[in-house]
Amino acid sequence: NDGDRVPALVIGSGYGGAVAALRLTQAGIDTHMVEMGKSWTTPGSDGKIFCPMLSPDGRSFWLRDRTVQPVSHFSGGSVDKNISRYVGVLDAEDFGGIKVYQGRGVGGGSLVNGGMAVTPKRNYFEEILPGVDSNEMYSTYFPRANAALGVNNIDPAWFESTEYYKFARTGRKTAERSGYTTTFVPNVYDFNYMKQEAAGQVTKSALVSEVIYGNNAGKKSLDKTYLAAASATGKLTISALHVVTSVAPAATGGGYQVVMNQINEQGNTVGTKTVTADKVFFAAGSIGTSKLLVAMKAQGQLANLPGAVGQEWGHNGNVMVGRANHMWDATGAKQSAIPVMGIDNWADTSAPVFAEIAPFPAGTELWVSLYLAIAKNPQRAQFQFNSATGKVGLNWQRSQNQPSIDMAKKLFDKINKKEGTIYRTDLFGPTQTWGDQLTYHPLGGCVLGKATDGYGRLPEYPGLYVMDGSLVPGNVGVNPFVTITALAERNIENIIANDMN
Ligand code: FAD
C-alpha cells in the first residue's frame, strides 16, 4: 500500500526474483514482490487461463492490437492476427534494431518459455564469468537450481516411438548424417504428464501446441515451484499489475523509496504508490533492470551508479532458420511444443553453435525443420537514456547479428548440401531466410563483477542488489534460465549471510 515500509522489495517475478523471494522468506524476512504483468490464475470465458497458440486473443501479447509471432510469415503472407489490447503474457519489446521477447506476469519468462533447462558448458561459463568460483557453481548451485526448478528428462524410449517427436528425430537424423552431434536437453515440462497427454488420459497442453502464450498444464513454471514455495512461508506478498518507475534513496530513515504505477488490464495507469524498502532487489530481467538503472543514473536518483551499468548487452547469439525437408522426411502433423533436442557444435571454432531443434506445431504436415541457433556472437550493445523522450533505448543494430548468421549458415549449409535440401525463405518475412530480427534470450546490461560486486551488490548504494539475467555478459552458449537461477542462488546466499542482520 501507498506509504508502507517493507524490509525487502523485489522488482520482477522471473527467475532472479523468484529465487530471491524464496530464500529471503525462508530466512524469515517479510518480502514484497512487485510485478508489472498479471497473476495468471483466473480462466477466461473459454475456461482456459492461457489462449490457444493457433488462435491467439488478447491474452497472447502485451498491450498490442496485432500479434507479432516469431515465425511471422508463411508462403508469402503474414500470419499475424488482430487481437484486443490486453496485458497479455508475451511481450515483443521493439528497440528498432531488435525485438526482444519477454514473459509478462507472475512467473516472468517461465510462463512463456520452452522450458529447456540447460546447464552451460563449464569451460565457457568460466570464460564469461571468471570471477565466479566454478567448483562451487557446478557442485552446489547448478544442482540446487535444477532441483528447485523441477528439471526432468524425456524417457528416451518414448521419444523414439511417439509421433509427437518425429520432428526432432528428423532433425537429429539430418544433423547426424552431416557429422554433427546431437544431445537430449532437459526440461521443466513434466514428461510424465506429457505421456499421459499422448495416451488421452489428461487435458492436452504441450501436445496441442501450447507454449509461447502460456501452458495451461504440464509445465513447472515458477508460480508452481519457487514462488509457490515462497508463498507457503506466509512471508511473501505479490503485487501484480504494478510497474516500478523509480528507485531512489529515501530522504529520511535510510532505505530506498520505490515509486510504482498500478495499471488495469488494458494497461492504463489507475494509481501511483510510493513504498520505502530497506533492501531492493532488481529482478526485472536484463531489459527491465537495465532500463530502470540507466534511467535512474541519468536522471540523478541513483547518480553514482558505475559506468558499467547499461553496458555489455547481448542476445545470446540467437538466430532462427527453417529448412525444407524432402517429402520422405516428414516432420509430423502432430508436434509437441516442448523442444527436447539440440545440435551441439559449440566446440567447432569455425561455427560455434548450439542449435535447438524447434517444433513447428502448426497442426499439419509442413516438412519444415525449424531451429533456434545460439551462436558465439561477440557483438554487444548499450542502453542509453534519451532525455528528449524520457525513455531508455538499446543501440543494437540488425547488422550485429551477421556473425550469428555466418556461424549458423556454415552448419545448416552443410546439412542442406548433404541432404540436397534448401532453406525456407518465407518464414521470417515475405522473402527472408534468417530470423535475425528477434531474440528470446536478452542477457547483460548490469554485468556481475563489473556493474555490481561479485554477488550482485550495486556499489555506492548499500541495500540495492541485481538478481536477474542482466548479470550475465551477453552470451552463455545455451538457453539461459538455469544459469540465471543458479547465479541467483549463489548470490542471495551470500547476501542473506552478510547483509541481513
Ligand atoms: P524475467 O523472467 O524476464 O522476469 C522479469 C520480470 O520482471 C517479468 O515478469 C517482467 O514483467 C517484470 N518487470 C520488468 N520490468 C518491471 C518493472 N519496471 N516493474 C515491475 N515488474 C517488471 N530460456 C531457457 O533457458 N530455456 C528456454 O526454453 C527458453 N525459451 C524461451 C522462449 C520464449 C518465448 C522466451 C520469451 C524466452 C525463453 N527463454 C528460455 C528465456 C528465459 O525465459 C529468460 O532468460 C528468463 O526468463 C530471464 O529471467 P530473468 O529473471 O532475468 O527475467
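For the structure itself, consult the block above.
An account of the accompanying structure is given in this report. Numbering of residues starts from 1 in every chain and runs along the sequence as written. Under the rules for a predicted model, residues below a pLDDT of 70 receive no local features and side-chain atom pairs below 80 are neither given nor counted, while totals for whole chains, interfaces and linings still include all residues. Derived side-chain values reflect all non-hydrogen atoms in the structure, with water molecules and hydrogen atoms excluded from consideration.

Notes on the packing of aromatic side chains
Here is step 1 of the chain: Classification of ring pairs uses Phe, Tyr and Trp, with its six-membered ring standing for Trp, and accepts pairs whose centres are within 6.5 Å; under 30 degrees between planes counts as stacked, over 60 as edge-to-face, and the remaining range as tilted. Summed over the entire model, instances satisfying the criterion amount to 18 aromatic pairs.
Here is step 2 of the chain: Measuring from ring centre to ring centre gives 5.1 Å for Y124 and W346, while their planes differ by 65°; the resulting arrangement is edge-to-face. Taken as a pair, Y124 in helix α2 (residues 122-128) and W346 in the loop between β13 (341-344) and β14 (353-358) lie far apart in primary sequence, 222 residues in all. Pair check on accessibility: Y124 and W346 agree, each one buried.
Here is step 3 of the chain: With 5.7 Å between their ring centres and 80° between their planes, F125 and F142 make a pair best called edge-to-face. Within this pair, whereas F125 is found in helix α2, its partner F142 is found in helix α3 (residues 134-149), the two being separated by 17 residues in sequence. Judged on exposure class, the residue F125 and its partner F142 are both buried.
Here is step 4 of the chain: Connected via pairs of aromatic rings, a cluster forms that spans W158, F159, Y165, F167 and F184.
Here is step 5 of the chain: The ring of W40 has K38 lying over it, and the distance from NZ or CZ to the ring centre is 4.6 Å.
Here is step 6 of the chain: Two thresholds decide whether a charge sits over a ring: the Lys NZ or Arg CZ must be within 6 Å of the ring centre and within 35 degrees of the ring normal. Just above the ring of W62 sits the side chain of R104; from NZ or CZ to the centre is 5.9 Å. The way it works is that DSSP assigns letters per residue, a run of H or I at least four long becomes a helix, a run of E at least two long becomes a strand, and they are numbered from the N terminus. Relative accessibility under 20% of the residue-type maximum defines a buried residue, over 50% an exposed one, and the middle range a partly exposed one, all with a 1.4 Å probe and only protein chains included.

Topic: the pairing of strand β5 (residues 90-94)
Here is step 1 of the chain: Across the five residues of β5, four count as buried, placing the element largely inside the fold.
Here is step 2 of the chain: Pairing between two strands is assigned when DSSP locates at least 2 bridges connecting them. Inspection of the sheet shows β5 paired to strand β6 (residues 99-103) by five bridges, in the antiparallel sense. Looking across to β6, one finds that D94 is bridged to K99.
Here is step 3 of the chain: Counting the residues in the hairpin turn of β5 and β6 gives four residues, including G96, whose phi is positive at 85°.

Some details on the side chain of N261
Here is step 1 of the chain: Along the chain, N261 falls in strand β10 (residues 256-263).
Here is step 2 of the chain: Of note is the side chain of N261, whose polar atom sits 3.2 Å from the side chain of T272.
Here is step 3 of the chain: Residue contacts are defined here by distance: any two heavy atoms, one from each residue, within 4.5 Å place the two residues in contact. Excluding residues that lie within four positions of it along the chain, N261 makes contacts with L241, H242, V243, T245, T269, G271 and T272. Whenever two N or O atoms come within 3.5 Å, that pair is a polar contact, provided that in protein one can donate a hydrogen and the other can accept it, and provided that, for residues adjacent in sequence, both atoms are side-chain atoms.

Here's the deal with the pairing of strand β17 (residues 391-394)
Here is step 1 of the chain: Alternating positions in β17 separate cleanly, V392 and L394 being buried on one face and K391 and G393 remaining unburied on the opposite face.
Here is step 2 of the chain: Judged from the four bridges that link them, strand β16 (residues 383-386) and β17 form a sheet pairing that is antiparallel. Looking at β17, one finds that F383 is bridged to L394.
Here is step 3 of the chain: In sequence, β16 turns back onto β17 through a hairpin of four residues, with G390 there showing a positive phi of about 75°.

Overview of the sheet that holds β14
Here is step 1 of the chain: Reading across the sheet, the six strands line up as β7-β13-β14-β15-β12-β18 and stay open at both edges, with antiparallel pairing between neighbours. Pairing within the sheet leaves two strands with one partner each, and these edge strands are β7 (182-184) and β18 (422-423).
Here is step 2 of the chain: Looking at chain direction, β13 and β14 are connected through three bridges and run antiparallel. Bridging from a neighbouring strand, G342 pairs with E356 of β14.
Here is step 3 of the chain: To obtain an axis, a line is fitted to C-alpha atoms, over the contacting stretch when the element is a helix, and the angle between two such axes runs from 0 to 180 degrees between their N-to-C directions. Across the face of the sheet, helix α5 (residues 166-177) comes into contact with β7, β12 (318-324), β13, β14 and β15 (368-375) while running at roughly 145° to β14.
Here is step 4 of the chain: Sitting on the sheet, helix α9 (residues 402-419) is in contact with β12, β13, β14, β15 and β18, with an inclination near 15° to β12.

Quick look at the site of the ligand
Here is step 1 of the chain: For each residue, the test is whether any non-hydrogen atom lies within 4 Å of the molecule or strand; if one does, the residue is near. In the vicinity of the ligand there are 36 residues, among which E35, G109, M116, G469 and F481 approach most closely.
Here is step 2 of the chain: Note that an oxygen atom of the ligand is positioned 3.5 Å from one of the backbone N or O atoms of G14.
Here is step 3 of the chain: One nitrogen or oxygen atom from the main chain of P480 is found 3.1 Å from an oxygen atom belonging to the ligand.
Here is step 4 of the chain: Accessible areas in this description were obtained via Shrake-Rupley with a 1.4 Å probe; residue shielding takes into account the shown protein chains only. Notes on the ligand: free accessible area 1,000 Å², of which the protein chains cover 94%.
Here is step 5 of the chain: Gly counts as polar in this scheme, as do all residues outside two lists: the nonpolar Ala, Val, Leu, Ile, Met, Phe, Trp, Tyr, Cys and Pro, and the charged Asp, Glu, Lys and Arg. Tallied by class, residues from the shell around the ligand come to 16 nonpolar, 17 polar and three charged.

Read these as spatial facts, not as claims about activity.
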